[in-house]
Amino acid sequence: MESILVVDDDINLCIVLTEELTEIGYNANYVQSADSAFDFLEDNDVDLILLDLKMPNKDGFWVLNQLKEKGLKVKVIVLTAYADVKSAIDSAKLGASDFISKPYDLDELIITIRKVLQKEHEN
Ligand SMILES: [Mg+2]
């Protein structure tokens, strides 16, 4: 079972999205901060992170930088209410595989998740 970690300070989004992903067969978990994400990654195998850019203290860009610095190969889809071209480009430069704006369309998100996880298997 593929493992997805939702990283978002919005608890409602975390709960709803984790439930939706669990229903369609993923091992889905959530954390609400950048530091919690790295704690989780230390103890768990994660195939894909759904990452919010705007979080208090350490934001999504910090997470992307840290993943790169630590050489962690986990795939990332950025999921943010502040979708703009610059954020998308900056995220891609830091290694994000794709970018979805909030409020997300579940079907679109699932297609993107499958696409990104599929790429991982091809590599
Ligand atoms: Mg946020």
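Values in this document were obtained by computation on a predicted structure and should not be read as measured data.

## Some points on the overall build of the chain
(1) Moving on: When helices and strands are tallied, the chain shows 5 helices and 5 strands.
(2) Moving on: Counting from the amino terminus, the chain carries its helices and strands in the arrangement β-α-β-α-β-α-β-α-β-α.
(3) Moving on: Expected size for 123 residues packed as a compact globule is a radius of gyration near 14 Å; at 13 Å, the chain falls within 12% of this value.
(4) Moving on: Overall, the chain is about 30 × 30 × 25 Å in size when its C-alpha atoms are taken along their principal axes.
(5) Moving on: Across the 123 residues that make up the chain, the buried fraction comes to 28%.
(6) Moving on: Partitioning the intrachain contacts of the chain with sequence separation of at least 6 by distance along the chain shows that 60% fall at a separation of at least 24.

## What to know about helix α1 (residues 11–23)
(1) Moving on: Here α1 is 13 residues long and its end C-alpha atoms lie 18 Å apart, about the 18 Å a rise of 1.5 Å per residue gives.
(2) Moving on: Its buried side turned inward, α1 meets β1 (3–7), β2 (27–31) and β3 (48–51).
(3) Moving on: Of the residues trailing α1, Gly25 is marked for its positive phi of about 105°.

## A few points about the nonpolar core
One recurring pattern in soluble globular proteins is that nonpolar side chains are buried together.
(1) Moving on: By size, the foremost hydrophobic cluster in this structure holds 29 residues, and its most contacted members are Val6, Val7, Leu50, Leu51, Val76, Ile77 and Val78.
(2) Moving on: Listed by contribution, the elements that provide at least two residues to this core are β1, α1, β2, α2 (34–43), β3, α3 (60–70) and β4 (75–80).
(3) Moving on: The contact partners of Leu51, leaving out residues within four places of it in the chain, are Val7, Gly60, Val63, Val76, Val78 and Leu79.

## Focus on α3
(1) Moving on: What α3 keeps buried is the set Gly60, Val63, Leu64 and Leu67. Axial view of α3: buried residues confined to an arc of 100°, hence all on one face.
(2) Moving on: With its phi angle positive at about 70°, Gly71 sits one or two positions after the end of α3.

## Topic: unusual backbone geometry
(1) Moving on: In this structure, Pro103 follows Lys102 across a cis peptide bond, with omega equal to 0°.
(2) Moving on: Mapped onto the elements of the fold, Pro103 is located in the loop between β5 (98–101) and α5 (106–122).
(3) Moving on: A positive phi angle, near 65°, is found at Asn57, a position not held by glycine.
(4) Moving on: Mapped onto the fold, Asn57 is located in the loop between β3 and α3.
(5) Moving on: C-beta crowding within 10 Å serves as the criterion here: with 9 such atoms nearby, Asn57 is assigned to the exposed category.

## Focus on the environment of Pro103
(1) Moving on: In this structure Pro103 comes out as exposed when scored by C-beta crowding, with 8 C-beta atoms within 10 Å.
(2) Moving on: C-alpha separation for the pair Pro103 and Leu79, spaced 24 residues apart in sequence, amounts to 8.9 Å.

## A few points about the sheet that holds β2
(1) Moving on: Taken in spatial order, the 5 strands line up as β2-β1-β3-β4-β5 in an open sheet, and their pairing is parallel. Among the strands making up the open sheet, the edge pair consists of β2 and β5. Each neighbouring strand pair of the sheet contributes to a mean axis angle of 20°, computed without reference to strand direction.
(2) Moving on: Where β3 lies against β4, 4 bridges are found, and the strand directions are parallel. Among the inter-strand pairings, Leu51 is bridged to a residue of β4, identified as Val78.
(3) Moving on: Packing against the sheet, α1 makes contact with β1, β2 and β3, and its axis sits at approximately 170° to β2.

## Structural notes on the environment of Gly25
(1) Moving on: By the secondary structure assignment, Gly25 is in the loop between α1 and β2.
(2) Moving on: For Gly25 and Leu109, which are 84 residues apart along the polypeptide, the C-alpha to C-alpha distance reads 14 Å.

Calculation criteria
Residues numbered from 1 in each chain as written. Predicted model: local features only at pLDDT ≥ 70, side-chain atom pairs only at ≥ 80, totals over all residues. Helix = DSSP H or I, 4+ residues; strand = E, 2+ residues; numbered from the N terminus. Rg over C-alpha atoms; globule rule 2.2 N^0.38 Å. Buried ≥ 20, exposed ≤ 12 C-beta atoms within 10 Å, placed from the backbone. Contact = placed C-beta atoms within 7 Å. Expected span 1.5 Å × (residues − 1). Core = buried A, V, L, I, M, F, W, Y, C linked by C-beta atoms within 7 Å. Arc of directions from axis to C-beta. Pairing = 2+ DSSP bridges. Axes fitted to C-alpha atoms, helices over the stretch in contact; angles between N-to-C directions.

Function cannot be read off these values alone, since they describe shape.
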